[in-house]
Structure formats: C-alpha cells, structure tokens
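Here are the chains, one letter per residue:
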Amino acid sequence: MSYYVVKKAVAARDFPSSDTGKQVVKLTAGQVVQADDCGSFSNTALGKVYLPVLVDGAYRWVHDAYLIAISNRQAAALLHGESWLGKKPGSKAIAWYNSTDSGKSDPKPTSEAYCTVGALWGISQGTDLGSLISRTAAKLEKKARSKGIWHAKGSSYSPKPGDLVLFKSTGKSSATHTELLASKNGDTLNTINYNDSGVCKRKNRKVSDDYTYGYVEMTY
C-alpha cells in the first residue's frame, strides 16, 4: 500500500510511540511512502495508530493522521510528476501517446496541447490505462463518465493525491484542461500541470473557482 504524507516534518520513529519512540528521520509533505502489509499498531495509551512505512530501506513507524492511503498508480503518477517539475516533458509525453492504441487511432496532440496527455503519461507509470488514454480533456471526461470514475465538483467524492482534476473554460460544455492533483487543503488544490507554457509546474487552484470542473478517480 502507498501513502502520501500530508504534513511537513512528520516524525518517522523506531517504535510506535511519540513518548518512547526515537525519531529516526522526518518525512516531508508530498512525499510518497510504502507501508508494510503486516498492518498497523494501535497505541491505546496515546490514542494513536501508527503505520510501518519504508524509509531509506528500513521500516519506521508514522502516525496515521499524517498519511493518506493512495493506490500504486496514484503513487507512481505523483513521483513522475515531481520528477518533471521545471522541465519540458512535451516531446516525451507525445511520443508515449503516439505509441498507444489511442494515439494510433486519434490525431496526435500538438506540442501546445498536451496537458491531458502529460497527466495520463504520469498515471501510466503505475498501470496500463488501456482505453482511458485520451488526447483531450473533453475525451477523458467522456471516458471517465462511462467507466464510473468521473466526479463532478460538489459531489460527495473527496479527491485524493494522484487523481486528475479537470477544468472547464467559460462557455464550454465539457472539460478543457487536465492537471494532476498533488494535495487538497480545504478550498485549495495543489496540482501539477504538465503544460504550463511548455513547462511542468505546480499550480494552486481553488475548488470554488468556476474553472474547476471535477475529478477523475484513479483508485480503481
């Protein structure tokens, strides 16, 4: 199981207790870690649950309040997006798309319009996306709806790191832009945009903004 660290300077300890467990290392917000399948440890005296996560080749105990469970494909996407920040992924993202069945059957994207292709390229690092692969945000929305993984803004669904956020420009009837969700804090969405004037960059969006349209759930 993969987990996403949601708070800065989270202590990873050698024993599941903030009283007696020695802090071995600090995890940072946005870090993706793997948990052992052996399960959690409930420290009833402290009223806390600790999870054993792999840090620098060894398992350390972390309070579960600072972790969000995500799928392996979400974890792979986040790690991929982080690795491309500040770089220009256009040519590689387009080459990946053109190698897929969707790319062979649908006109290839231009270097100016690969936000959706880039985000799906990131997700694909952890899984075979098959027919979900799309050239545009509108086509991705349509496929996500048919698979039951589309969630409109305002629904009961709570998006997780590694999901996709779709945006819709004023006057349009379907999605026009795609970004990878890194974290959500109240009304703020921290995302990774694979095509911000050709460069992969972090963005801060608002859920309440009319531009924010909905989410594609990547836990399935």
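What you are looking at is a predicted structure, and each value in this text was computed from that prediction instead of being measured.

The rules behind these values
Residues numbered from 1 in each chain as written. Predicted model: local features only at pLDDT ≥ 70, side-chain atom pairs only at ≥ 80, totals over all residues. Heavy atoms only, no water. Pairing = 2+ DSSP bridges. Helix = DSSP H or I, 4+ residues; strand = E, 2+ residues; numbered from the N terminus. Axes fitted to C-alpha atoms, helices over the stretch in contact; angles between N-to-C directions. Contact = heavy atoms within 4.5 Å. Polar contact = N/O pair within 3.5 Å; in protein donor to acceptor, adjacent residues only side chain to side chain. Buried < 20%, exposed > 50% of the residue type's maximum accessible area, 1.4 Å probe, protein only. Parallel < 35°, antiparallel > 145°, perpendicular 65-115°, else oblique. Nonpolar A, V, L, I, M, F, W, Y, C, P; charged D, E, K, R; others polar. Core = buried A, V, L, I, M, F, W, Y, C linked by side-chain atoms within 4.5 Å. Salt bridge = Lys/Arg side-chain N within 4 Å of Asp/Glu carboxyl O.

Q: Teacher, can you tell me more about the sheet that holds strand β9 (residues 150–152) here?
A: Pairing between the strands of a sheet is mediated by backbone hydrogen bonds and can be parallel or antiparallel. Here six strands make up an open sheet; going across it, the order is β9-β14-β10-β11-β12-β13 and the pairing antiparallel. Two strands bound the open sheet, and with one partner strand each, they are β9 and β13 (199–206). Ignoring which end each strand starts from, the neighbouring axes of this sheet average 35° apart. Of the strand pairs in this sheet, strand β10 (residues 164–167) and strand β14 (residues 212–216) are connected by four bridges, and their pairing is antiparallel. Bridge pairing links leucine 164 to valine 216 in β14. Its contacts with the sheet place helix α4 (residues 115–123) against β10, β11 (177–185) and β12 (188–196), and it is angled at close to 110° to β12.

Q: Help me understand the pairing of strand β7 (residues 58–63) in this model?
A: Both faces of the sheet carry side chains from a regular strand, because those side chains alternate between them. The pairing of strand β6 (residues 48–55) with β7 spans six bridges and is antiparallel. Pairing of leucine 51 across the sheet is with valine 62, part of β7. Two successive antiparallel strands, β6 and β7, enclose a turn made up of two residues, where aspartate 56 displays a positive phi of approximately 55°.

Q: Is there a simple way to think about the side chain of serine 71 in this case?
A: Its place among the elements puts serine 71 in the loop between β8 (67–70) and α1 (72–84). At a separation of 3.1 Å, a polar atom in the side chain of serine 71 contacts the main-chain carbonyl oxygen of methionine 218. Once you skip the residues sitting within four places of it in the chain, serine 71 turns out to touch Ser2, Met218 and Thr219.

Q: Help me understand the side chain of serine 124 in this model?
A: Of note, serine 124 is situated in the loop between α4 and α5 (137–147). Since its relative accessible area comes to 15%, serine 124 is described here as buried. Reaching out from serine 124, the side chain makes a polar contact with the backbone oxygen of tryptophan 121 at a distance of 2.6 Å.

Q: Hey, could you run me through the packing of helix α2 (residues 90–99) against α4 in this one?
A: Helix-helix packing is characterised by the crossing angle of the two axes and by the distance between the axes. Where α2 meets α4, the axes come as close as 9 Å, and the angle between the chain directions of the two elements is 75°. Taken together, α2 and α4 sit at an angle that is classed as roughly perpendicular. Within the contact between the two elements, α2 uses Lys92, Ala93, Ile94, Trp96 and Tyr97 and α4 uses Val117, Gly118, Leu120 and Trp121. Of the residues belonging to the contact of α2 with α4, the class tally is seven nonpolar, one polar and one charged.

Q: I tried to follow the nonpolar core on my own but got confused; where do I start?
A: The nonpolar side chains of soluble globular proteins are, as a tendency, buried together. In terms of nonpolar packing, the biggest core is built from 36 residues, with Leu164 and Val216 touching the most fellow members. Taken together, the elements giving at least two residues each to this core come down to α1, α2, α4, α5, β10, β11, β12 and β14. With five residues, α4 is the single largest residue contributor to this core. Setting aside anything within four residues of it in sequence, one finds leucine 164 in contact with Ala119, Leu120, Ile123, Leu140, Thr178, Glu179, Leu180, Gly214, Tyr215, Val216 and Met218. Grouped together as the second largest cluster of nonpolar side chains are twelve residues, Val33, Val53, Val55 and Leu67 included.

Q: Explanation requested: the pattern of salt bridges in the structure shown.
A: Summed over all chains, the structure comprises six salt bridges. Each member of the salt-bridge network shares a partner with another, and the members are Asp106, Arg135 and Lys139.

Q: When you look at the packing of α1 against α4 in this model, what are you seeing that I'm missing?
A: Look at α1 against α4: their axes get within 7 Å of each other, and the N-to-C directions meet at 120°. Classified by the interaxial angle, the pair formed by α1 and α4 is oblique. Between α1 and α4, the contacting residues are Arg73, Ala76, Ala77, His80 and Trp84 on the first element and Trp121, Gly122 and Ile123 on the second. Here the contact of α1 with α4 is built from residues that sort into five nonpolar, two polar and one charged.

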